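Below, each chain spelled out in residue letters.
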Amino acid sequence: MYAEGRPVWPHPDLDALIAEARALYAAGPDPRPLGQQARFRLVEEVMDARALAAAGDPLHVLVACRAAGLAVEALFGARGWWKVKAQRWLDTLAERDRQAAHDLRAVLTAPDASARQAALEALTVRVTGDLTYHEGGSDPVPVP
């Protein structure tokens, strides 16, 4: 069952369970909007990358890729998509949001910092809506 995703020996009780599991998987998890702290962290990373790009600092590549990772993970959560390993991000985005896949590919392959930064900002805005800081917001925590 593990390798093929189906039981080795058919059983009538498993048919309903398999159908239910496939329906749950197809529906995906509940969307998880980006919280205020995570949004702040993402925007902060993008702004750090912007400063490095303006200064011509070679660390821009590292910071931009780190911020892109945060943006992609937030995008998957906000859209209610199952998380996948980073190795599958481009393929999964190409199936679900071609423009986001284009932006991520540009972050990863842009030959210069300004193009990489523009792609990073476009990718981030897909999750945050804009790049403004929102002061004073913190995620509520339930008190037992």
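Residues numbered from 1 in each chain as written. Predicted model: local features only at pLDDT ≥ 70, side-chain atom pairs only at ≥ 80, totals over all residues. Heavy atoms only, no water.

Participant: Just checking my understanding: could you explain the overall build of the chain for this structure?
Facilitator: Helix and strand counts for the chain come out as 6 helices and 0 strands. Listing the helices and strands of the chain from first to last along the sequence gives α-α-α-α-α-α. Computed over C-alpha atoms, the radius of gyration of the chain comes to 19 Å, more than 25% over the 15 Å expected from 2.2 N^0.38 for 144 residues, which places it beyond the range of a compact globule. In terms of overall dimensions, the chain has a C-alpha envelope of 65 × 45 × 20 Å along the principal axes. Within the chain, the fraction of its 144 residues that count as buried is 32%. At a minimum sequence separation of 6, the contacts of the chain that also span at least 24 residues come to 59%. For the chain, the separation between the mean place of its 16 positive charges and that of its 19 negative charges on side chains is 4 Å. (Helix = DSSP H or I, 4+ residues; strand = E, 2+ residues; numbered from the N terminus. Rg over C-alpha atoms; globule rule 2.2 N^0.38 Å. Buried < 20%, exposed > 50% of the residue type's maximum accessible area, 1.4 Å probe, protein only. Contact = heavy atoms within 4.5 Å. Lys, Arg positive; Asp, Glu negative; His and termini not counted. Charge placed at Lys NZ, Arg CZ, Asp CG, Glu CD.)

Participant: How should I be thinking about the packing of helix 5 (residues 98-109) against helix 6 (residues 113-128) in this particular structure?
Facilitator: A pair of packed helices is captured by two measures, namely the crossing angle of their axes and the spacing between those axes. Running from N to C, helix 5 and helix 6 cross one another at 145°; their axes reach a closest spacing of 8 Å. As for the relative orientation of helix 5 and helix 6, their crossing is left-handed in sense. On helix 6, the residues touching Q99, A100, D103, L104, A106 and V107 of helix 5 are R116, A119, L120, A122, L123 and R126. Here the residues of the contact of helix 5 with helix 6 are counted per class, giving 8 nonpolar, 1 polar and 3 charged. (Axes fitted to C-alpha atoms, helices over the stretch in contact; angles between N-to-C directions. Left-handed = near helix turned anticlockwise from the far one by under 90°. Nonpolar A, V, L, I, M, F, W, Y, C, P; charged D, E, K, R; others polar.)

Participant: For this particular structure, what's the right way to read the packing of aromatic side chains?
Facilitator: The geometry of two aromatic rings is summed up by the distance between their centres and the angle between their planes. Under the defined criterion, the tally for this structure stands at 3 aromatic pairs. For the ring pair Y25 and W82, a centre distance of 5.9 Å and an interplane angle of 5° mean the geometry is stacked. Placement of Y25 in helix 1 (residues 12-27) and of W82 in the loop between helix 3 (60-79) and helix 4 (89-96) is noted, with a sequence separation of 57 residues between them. A relative accessible area of 36% places W82 in the partly exposed class. (Phe/Tyr/Trp six-rings, centres within 6.5 Å; stacked < 30°, edge-to-face > 60°.)

Participant: Just to check I follow, could you spell out the side chain of R39 for this structure?
Facilitator: Structurally, R39 can be placed in helix 2 (residues 36-55). Polar side-chain contacts of R39 include one of 2.6 Å to the backbone oxygen of T132. Not counting residues within four places of it along the chain, the set of residues in contact with R39 comprises L34, T128, D130, T132 and H134. (Polar contact = N/O pair within 3.5 Å; in protein donor to acceptor, adjacent residues only side chain to side chain.)

Participant: Explain the side chain of T124 to me, please; I cannot follow it from the model alone.
Facilitator: Tracing the backbone shows T124 in helix 6. Within polar-contact distance, the side chain of T124 engages the backbone oxygen of L120 at 2.9 Å. Those residues in contact with T124 that lie beyond four places of it in its chain are L42, V46, A71 and L131.

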